[in-house]
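Inside the fold
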Amino acid sequence: MKLARRTTQIAASPTLALSAKAKELKSQGIDVIDFGVGEPDFDTPEHIKQSGIKAIQSGFTKYTAAAGIPELKKVIVEKLKKNNNLEYTQAQVLIGCGGKHVLYDIMWALIDAGDEVILPAPYWVTYPEQVKMSDGVNVIIQTKEENDFKMTPEEFRAAITPKTKALILNSPSNPTGSLYTPEELKAIADICVEKGIYVISDECYEDLVYDGKQVSIASFGPEIKELTVVCYTFSKSYSMTGWRLGYCAGPTDIIKAMSEFQSHTTSNPTSFVQKAGIEALVSPQSAPAMKAMYDEFDKRRIRTVELLNQVPGVTCRTPSGAFYAFPNITGLLGKTYKGRKVENDSDLSAFLLEEAHIAVVPGSSFGFDGFLRFSYATSMENIEKGISRMIEVLK
Ligand code: PLP
């Protein structure tokens, strides 16, 4: 078979691969605790489900406008103004089949072959692959743990070349939970404006911030707003991962190009899912459902970090947002177990899956060796049990 060359340049998602391995062990009757998942373990709130069902029953099951229905765009424009301090028109909004899809549309519209895209590591696994899919070149900045895994303005400036087209920012971050402060964002925004660099600002975890406040880089004035596309999803805030609904906002020309692209690829995001999206954004019932999920994540965050810091050889910073902890496990490397040396984080992840039956993603999957990502989108009971198992096998 002669597949296109580009197929050889893309790696499968390591987080989905780990989840598949964990599921396989579970199907053999093994009690695997999964810290690998990237989705809330809560049900979609009932009122949102009902509005999707109602939309199907009322026959709202046909094609819609490719970039989304005006009613949903309208409430998105209102939400962006109220929650994100961003003013956009409906023509500057595009709705797609999840944040991942929208991000790909953005890359397609912005990146030419050979354009460099600056990406601070640790990064979400999908970014470098989407840059490659768009024939762009990834320029990775290795951030520092002591800087809370955030890129400094100096590091950013040093990575810029005449070929730099865009920067990908993700705050709060998957996998570290780090949150850029307004001052840090302003300094980065100033450099982007000075150099004419576009920003793809993935703000998909905007509602899951426990320490500090999430601010959009696009909110620092018209010049940076003109260079930025902000991206959001219903997946995390409303536990709607399987519904596939996300959106972005940005300069009219970029959104227009993306809409045309979408009209020839997926067409519209699923019609009745868009109706459920309206319910999620406007219904007063959304607030208590979101608050309950948020409070539970916050409790788990504190407990996960506390427990991980009790594991000999492990240290863990407290993440500000999202639902991931990103502990440093370098103190465990170089040890031998059953004749096998644990040389790196991937070895440790494999060891923990086989011996402790816990699934965790190695930091190297996110471009950052010597760390593991623990998702605390699992019950408190599982968190306690899983990390105790880790302590036990490491003895
Ligand atoms: N951005 C980040 C950083 C993510 O972690 C995810 C999902 O894991 C997404 C975007 C996309 O989510 P979805 O495609 O479900 O909207």
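This structure is a prediction, so every number in the text was calculated from the model and none was measured. (Residues numbered from 1 in each chain as written. Predicted model: local features only at pLDDT ≥ 70, side-chain atom pairs only at ≥ 80, totals over all residues. Heavy atoms only, no water.)

**Side note on the side chain of asparagine 268**
Positionally, asparagine 268 belongs in the loop between α10 (252-263) and α11 (271-282). Judged by relative accessible area, asparagine 268 falls into the buried class, the value being 10%. A polar contact is formed between the side chain of asparagine 268 and the backbone nitrogen of threonine 64, at a distance of 3.2 Å. Beyond its immediate stretch of four places on either side in the chain, asparagine 268 contacts Tyr63, Thr64, Ala65, Ala66, Cys97 and Gln274. (Helix = DSSP H or I, 4+ residues; strand = E, 2+ residues; numbered from the N terminus. Buried < 20%, exposed > 50% of the residue type's maximum accessible area, 1.4 Å probe, protein only. Polar contact = N/O pair within 3.5 Å; in protein donor to acceptor, adjacent residues only side chain to side chain. Contact = heavy atoms within 4.5 Å.)

**Some words on helix α2 (residues 46-57)**
Given 3.6 residues per turn, any residue in an α-helix points the same way as the ones three and four places further on. Here α2 spans 16 Å end to end across 12 residues, near enough to the 16 Å set by a 1.5 Å rise per residue. Tucked into the core, α2 has its buried residues touching α11 and α12 (286-308). Phi turns positive one or two residues past the end of α2, at glycine 59, with a value near 85 degrees. (Expected span 1.5 Å × (residues − 1).)

**Thoughts on unusual backbone geometry**
Each neighbour pair has its own omega, and for alanine 121 with proline 122 the value is 5 degrees, a cis peptide bond. By the secondary structure assignment, proline 122 is in the loop between β3 (116-121) and α5 (126-133). Residue proline 175 is reached from asparagine 174 by a cis peptide bond, and omega for that bond is 25 degrees. Considering the arrangement of structural elements, one finds proline 175 in the loop between β5 (164-170) and α7 (182-195). Of note, aspartate 135 is a non-glycine position whose phi angle comes to about 65 degrees, a positive value. The topology assignment puts aspartate 135 in the loop between α5 and β4 (137-142). With a phi close to 60 degrees, serine 267 is a non-glycine residue in the positive phi region.

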